[in-house]
Amino acid sequence: ISTLNDLENTLAAAKTAGKPVIIDYYADWCTDCLRMEKATFADPRVRQALAGFARLQPDVTNTGDGEVEAMKKRFRVYGPPAMVLLDARGQPASAGPIYGFHDADDLLSLLGKI
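Residues numbered from 1 in each chain as written. Predicted model: local features only at pLDDT ≥ 70, side-chain atom pairs only at ≥ 80, totals over all residues. Heavy atoms only, no water.

Before we move on, can you summarise the sheet that holds strand β2 (residues 54-56) with the specific residues and values?
In space, the four strands of this open sheet follow the order β2-β1-β3-β4, with mixed pairing throughout. Two strands in the sheet have a free side with no partner beyond their single neighbour: β2 and β4 (98-99). Sheet topology note: the strand β1 (residues 21-25)/β2 ladder contains three bridges and is parallel. Within β2, the position partnered with V21 by the bridge is A54. The strands touched by helix α5 (residues 104-112) are β1, β3 (82-86) and β4; relative to β3, the strand with the most contacts, the crossing angle is about 30°. (Pairing = 2+ DSSP bridges. Helix = DSSP H or I, 4+ residues; strand = E, 2+ residues; numbered from the N terminus. Contact = heavy atoms within 4.5 Å. Axes fitted to C-alpha atoms, helices over the stretch in contact; angles between N-to-C directions.)

Provide a residue-level description of the packing of helix α1 (residues 4-17) against helix α4 (residues 66-74), including the pertinent values.
The interhelical angle for the contact between α1 and α4, taken along N-to-C directions, is 40°, at an axis separation of 8 Å. Relative to α4, the element α1 lies oblique. Facing L4, L7, E8 and L11 of α1, the residues of α4 in contact are E67, A70, M71 and R74. (Parallel < 35°, antiparallel > 145°, perpendicular 65-115°, else oblique.)

Can you explain the pairing of β1? Please cite residues and give values.
β1 sits mainly inside the fold: five of its five residues count as buried. A two-sided burial pattern is seen for β1, the buried positions comprising V21, I23 and Y25 on one face and I22 and D24 on the other. In this sheet, β3 lies alongside β1 in antiparallel orientation, the contact comprising five bridges. Its bridge partner being in β3, I23 is matched across the sheet by V84. (Buried < 20%, exposed > 50% of the residue type's maximum accessible area, 1.4 Å probe, protein only.)

Any details on α1? Residues and values, ideally.
Since the α-helix advances by 3.6 residues per turn, residues separated by three or four positions end up pointing in the same direction. Between its terminal C-alpha atoms α1 stretches 20 Å, which fits the 20 Å expected from 14 residues at 1.5 Å a residue. Turning to α1, its buried residues number three or more, namely L7, L11 and A14. Within α1, the buried residues cover an arc of 60° as seen down the axis, which keeps them to one side. Of the exposed residues in α1, the ones pointing more than 90 degrees away from its buried face are T16 and A17. Looking at the buried side of α1, the elements it contacts are β1, β2, α4 and β3. Just downstream of α1 lies G18, where phi reads positive at about 70°. (Expected span 1.5 Å × (residues − 1). Arc of directions from axis to C-beta.)

Tell me about the environment of D6, and please be specific about residues and values.
With respect to the secondary-structure elements, D6 resides in helix α1. Through-space distance from the C-alpha of D6 to that of V60 is 13 Å; in sequence the pair is 54 residues apart.

Describe unusual backbone geometry, naming the residues involved and giving the relevant values.
Going from P80 to P81, the amide bond is cis rather than trans, its omega being -5°. Here P81 is to be found in the loop between α4 and β3. The phi angle at R76 is positive, at roughly 55°, despite the residue not being glycine.

Account for the pattern of salt bridges, with residues named and values stated.
If you walk through the whole model with that rule in mind, you get eight salt bridges. Between R45 and D105 there is a salt bridge whose closest N-O contact spans 2.8 Å. Here the residue R45 occupies a position in helix α3 (residues 44-49), and D105 occupies one in helix α5, the gap between them amounting to 60 residues. Among the residues examined, R45 registers a relative accessible area of 41% and is labelled partly exposed. Given a relative accessible area of 48%, D105 falls into the partly exposed group. Among the salt bridges present, the one from K72 reaches E69, with a minimum N-O distance of 3.3 Å. Of the two residues, K72 and E69 both sit in helix α4, three residues apart, roughly one turn of that helix. By relative accessible area, which is 9% here, K72 ends up buried. (Salt bridge = Lys/Arg side-chain N within 4 Å of Asp/Glu carboxyl O.)

So yeah, pure geometry; function would need other evidence.
As structure tokens, then:
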């Protein structure tokens, strides 16, 4: 996802489908983002747990880009790695963005609360 419009349209589709959402703010230069891609999101248990989720991955690599700043502002994200979890009604499942590296067990625990 590279624009706020894309993000909003995908969120609306997930809400219509009644799917919970994981928004994974990602940047190419973010080492913890890359670690999570290779370890956490590749874990078969995580893949299975996310099967019923809409998974959105806003690309916030270009920090000076206005669209990137708009996507970050949408959920008050200051930078990656950050995740926002929404329930099937589109409501936040946590008090705010969840920052930092999370291994598979941590992420499964977070997903279990939705």
